[in-house]
Amino acid sequence: MTGTTSTDTHCPYCALQCGMRLHPVRPRRPDEPAVEVGERPDFPVNRGALCGKGRSAAAVLARPARLTEPLVRDARTGTLRPATWGEALDRAARGFAETGERYGRDAVGVFGGGGLTNEKAYLLGKFARVALRTPHIDYNGRFCMSSAATAQRAAFGLDRGLPFPLEDVARTGCVLLAGSNLADTMPPALRYLREQREAGGRLIVVDPRRTRTADDADLHLRPAPGTDLALALALLHLVIAEGRVDEKFVAARTAGYAHARAAAMAHWPERAERITGVPVAAMRQAVAMFCDATGGMVLTARGSEQHSKGVDTVGAWINLCLATGRAGRPLSGYGCLTGQGNGQGGREHGQKSDQLPGYRSITDPEARDHVARVWGVDPESLPGPGRSAYELLDSLGTDGGVRALLLMGSNPVVSAPHAGHVTERIRALGHLVVCDVVLSETAELADVVLPTAQWAEEDGTMTNLEGRVILRQAAVDPPPGVRTDLAVLRALAARLGRDGGFPDAAEEVFDELRAASAGGRADYSGISYARIRAEDGVFWPCPEPGHPGTPRLFLDRFATADGRARFADVSHRPAAEEPDARYPLRLTTGRVLAQYQSGAQTRRTPELQRAAPGPFVELHPRLAARLGVTDGELVTVTSRRGQVVAPAVVTGTIRPDTVFMPFHWPGPGRANTLTNPALDPVSRMPEFKVCAVRVERAGEGAA
Ligand SMILES: Nc1nc2c(c(=O)[nH]1)N[C@H]1C(S)=C(S)[C@@H](COP(=O)(O)OP(=O)(O)OC[C@H]3O[C@@H](n4cnc5c(=O)[nH]c(N)nc54)[C@H](O)[C@@H]3O)O[C@H]1N2
Ligand SMILES: Nc1nc2c(c(=O)[nH]1)N[C@H]1C(S)=C(S)[C@@H](COP(=O)(O)OP(=O)(O)OC[C@H]3O[C@@H](n4cnc5c(=O)[nH]c(N)nc54)[C@H](O)[C@@H]3O)O[C@H]1N2
Ligand code: SF4
Ligand SMILES: [Mo]
């Protein structure tokens, strides 16, 4: 495979899935990668631009970052030692089989990731339902965009991150960006916002922090974390009170307005000001900007969504779009900026506990019949819905819970909420098998670690935040000793008595996925590798080979049974944990530019690690002065779930009643030691974005 020609492919990291060109190079040392990342200016989404993570992505292909041999836990020493593939796979499969025999099939579980290709996500779901026959498979996407997905499905009958290509953002009149720090999380996408403003458009940013994204805004609203719902309701109140409802659109294209109207009218802007801290005058300004423009979009990301009321909050933002007629027409609408490389496709093809491929519901008899036919199994043999991600992790090693787990594409020891507890649960497992490209903090706890191929070493499709299905192409051989995730699933399935049905060639898996998705909401049946290569990606739904794909959804009708969008019936409620005398501050968490997620890959990339070497706590100067804390000094942050220590960054960009920590690091500065696993009742999204904490100078408040 390692060749002499350059290969067009896409970045291993976020949902933008920037196009890049990999050039072969002769490594000077054995630990250097055999490819170099270059620009691919002809790919539309990023037009050649890459952030530092994309530019440095080749570092994780080679050692020392890389895992290159299977590891098994030695019964005598209790430590991980190298093993042959035969020994590792036998042991992995035996653990699943024995757990199933002893405790029942429901005691075996699978945890996947939104960074996996469509082919991997699809085969992982099939592996759980057909080879393990367990209902318990879920994935880290639950922690990501699941609230937006649920709200979009309720409102529009379908959820695709953005119902339009990013290029449309550059041409809309007003963008209201809620809880996204695009400048750090998807830097090349910033150009669309800049172009939009250069064309006379307006940008409103809703974020408790003055981020680099907010620096670009015409208006920055700074609600306290956990209060977006009150803000969105008050904005709708003002839209109604000021007579700016698009009555014609509401009558022709929507249902449920009466309830939404009544709820919004009960949410007075003055009350919202007390809850959020956003002045009524600023709310009026926002409404004027949004309604005066020729068209508008509300785009949300994790800041607005990762709450125990994330679904209702997104519902309230969608209500604002529907009432103003900013939906279902060109250059307007609601969109969710999905996060992980395949945050979109990863949730469509069956690694979510309640879903079958093609966005089918696992409880729908017709869907079960269809998928069972493609899989060549009896529909009766397919399990029902299983536990959601946090509930699955919370059940590990308990009576009635999951005792043997296959984990592929996530590092929950760092990234799960209430991570101290989750780590204890992972340690309580009878059997843990981790497939990863590096020895993550979670892999360190495994009984069997299987080193797998990644990104530049294999083919596979991803679905970016626009719903564009793109193709990653292999540019280099995996290191010797490494196998693909697909080959691992095939080998494990064979050992569990399923010899057929688990192809390990990506294109073959994709062809099966197309058949499984046919007729479903996320219909990929008309998409092929050849078409993706020829067309810069294809937008789903694409139900036939001759179908052009669907860059823009809902222009004629919404995907509900009657074609009308549904207003959500929502009222404000407080966060699961509000500040009190013992824990007087709000903690919110998020990302920095140079690290990605649990940091498993980026902490192993020297230039990124230099740029962002460790955790920190942002505090406002007034709060710092009150606590007697100076910039750079160590502080402890304590919540009901634990305590962390990290240096203070004293900055005027944050509210005085709020502190912020990025979550990319394990150890004493692990933000998720503190976070609250309170779940949204519908999406089961944990409340990563707000909990109550106390901050002290380190030493003063040690537990
Ligand atoms: N550099 C980098 N880029 C990434 C990632 C990464 O780890 N690192 N991860 C990728 C993934 S998987 C995802 S999901 C995306 C996430 O992308 P974003 O959602 O943009 O990232 P976050 O930093 O989690 O949160 C965004 C903002 O929400 C704000 N916020 C906190 N609480 C609230 C609130 O209650 N209301 C509002 N309105 N805002 C609030 C925070 O201050 C923060 O600036 O990024 C993707 N891109
Ligand atoms: N406090 C707080 N916590 C959060 C969030 C937050 O905002 N605040 N955000 C949440 C969100 S939005 C997300 S998406 C999660 C993400 O958090 P995680 O689920 O931990 O995601 P990653 O760190 O990307 O973990 C991916 C793992 O898979 C490995 N990997 C990469 N590619 C492959 C592959 O092709 N095959 C295999 N087998 N392995 C691979 C990587 O090396 C890494 O170990 O974190 C959540 N946690
Ligand atoms: S913005 Fe996202 S996809 Fe693009 S280079 Fe950076 S991490 Fe990769
Ligand atoms: Mo995410």
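Conventions used here
- Residues numbered from 1 in each chain as written.
- Chains lettered and ligands numbered in written order.
- Predicted model: local features only at pLDDT ≥ 70, side-chain atom pairs only at ≥ 80, totals over all residues.
- Heavy atoms only, no water.
- Near = heavy atom within 4 Å.
- Nonpolar A, V, L, I, M, F, W, Y, C, P; charged D, E, K, R; others polar.
- Helix = DSSP H or I, 4+ residues; strand = E, 2+ residues; numbered from the N terminus.
- Buried < 20%, exposed > 50% of the residue type's maximum accessible area, 1.4 Å probe, protein only.
- Core = buried A, V, L, I, M, F, W, Y, C linked by side-chain atoms within 4.5 Å.
- Contact = heavy atoms within 4.5 Å.
- Phe/Tyr/Trp six-rings, centres within 6.5 Å; stacked < 30°, edge-to-face > 60°.
- Polar contact = N/O pair within 3.5 Å; in protein donor to acceptor, adjacent residues only side chain to side chain.
- Areas by Shrake-Rupley, 256 points an atom, 1.4 Å probe, with all protein chains shown as cover.

Caption draft 1: Representation of the site of ligand 3. Around ligand 3, a shell composed of Cys11, Tyr13, Cys14, Leu16, Gln17, Cys18, Leu50, Cys51, Lys53, Gly54, Pro187 and Pro188 is seen. Its residues placed into classes, the shell around ligand 3 shows nine nonpolar, two polar and one charged.

Caption draft 2: How the structure looks around unusual backbone geometry. Here the residue pair arginine 63 and proline 64 is connected by a cis peptide bond, since its omega of 5° sits within 30 degrees of zero. Relative to the helices and strands, proline 64 is located in the loop between helix H1 (52-55) and strand S4 (71-73). Omega for the peptide link from tryptophan 540 to proline 541 comes to -5°, which places this bond in the cis form. Examined against the element boundaries, proline 541 turns out to sit in the loop between strand S21 (538-539) and strand S22 (565-566). Residues other than glycine seldom take positive phi values, yet leucine 331 does so here, at roughly 60°. Turning to its location among the elements, leucine 331 is positioned in the loop between helix H14 (310-323) and strand S13 (333-336). Leucine 331 sits in the partly exposed class, given a relative accessible area of 24%.

Caption draft 3: Here's a closer look at the nonpolar core. In terms of nonpolar packing, the biggest core is built from 117 residues, with Leu176, Trp317 and Leu406 touching the most fellow members. Here this core takes 10 residues from helix H8 (residues 228-241), the largest share from any one element. If you look at the next biggest cluster of nonpolar residues, it comprises 52 residues, including Ala58, Leu177, Leu193 and Leu465.

Caption draft 4: Up close: the environment of phenylalanine 510. By the secondary structure assignment, phenylalanine 510 is in helix H20 (residues 506-517). C-alpha of phenylalanine 510 to C-alpha of threonine 461: the two residues are 49 residues apart in sequence and 8.1 Å apart in space. Among residues more than four places away in sequence, those in contact with phenylalanine 510 are Glu119, Thr461, Tyr524, Ile527, Ser528 and Tyr529.

Caption draft 5: Looking closely at the side chain of histidine 237. Checked against the element boundaries, histidine 237 lands in helix H8. In this structure histidine 237 comes out as buried when scored by relative accessible area, which is 3%. Setting aside its immediate chain neighbours within four residues, histidine 237 contacts Ala264, Met265, His267, Trp268 and Pro269.

Caption draft 6: View of the packing of aromatic side chains. Considering all chains together, one arrives at 12 aromatic pairs under this definition. Relative to tyrosine 529, the ring of phenylalanine 510 lies with its centre 5.4 Å away and its plane at 45°, an arrangement referred to as tilted. Residue phenylalanine 510 is located in helix H20, and its partner tyrosine 529 is located in helix H21 (residues 529-535); the two are separated by 19 residues in the primary sequence. Grouping residues by exposure puts phenylalanine 510 and tyrosine 529 together as buried. When the centroid spacing of 5.4 Å and the interplanar angle of 35° are considered together, the rings of phenylalanine 554 and phenylalanine 558 count as tilted.

Caption draft 7: Fine view of the site of ligand 2. Taken together, the neighbourhood of ligand 2 is formed by 32 residues, with Asn140, Ser410, Ser415, Asp436 and Ser598 sitting nearest. Between serine 410 and ligand 2, the recorded distance is 2.7 Å, taken from a side-chain N or O atom to an oxygen atom. In this structure, asparagine 672 approaches ligand 2 through a side-chain N or O atom, which is 2.8 Å from a nitrogen atom. Alone, ligand 2 offers 910 Å² of accessible surface; in the complex the protein occludes 96% of this. Considered class by class, the residues forming the shell around ligand 2 number 12 nonpolar, 15 polar and five charged.

Geometry only, nothing functional implied.
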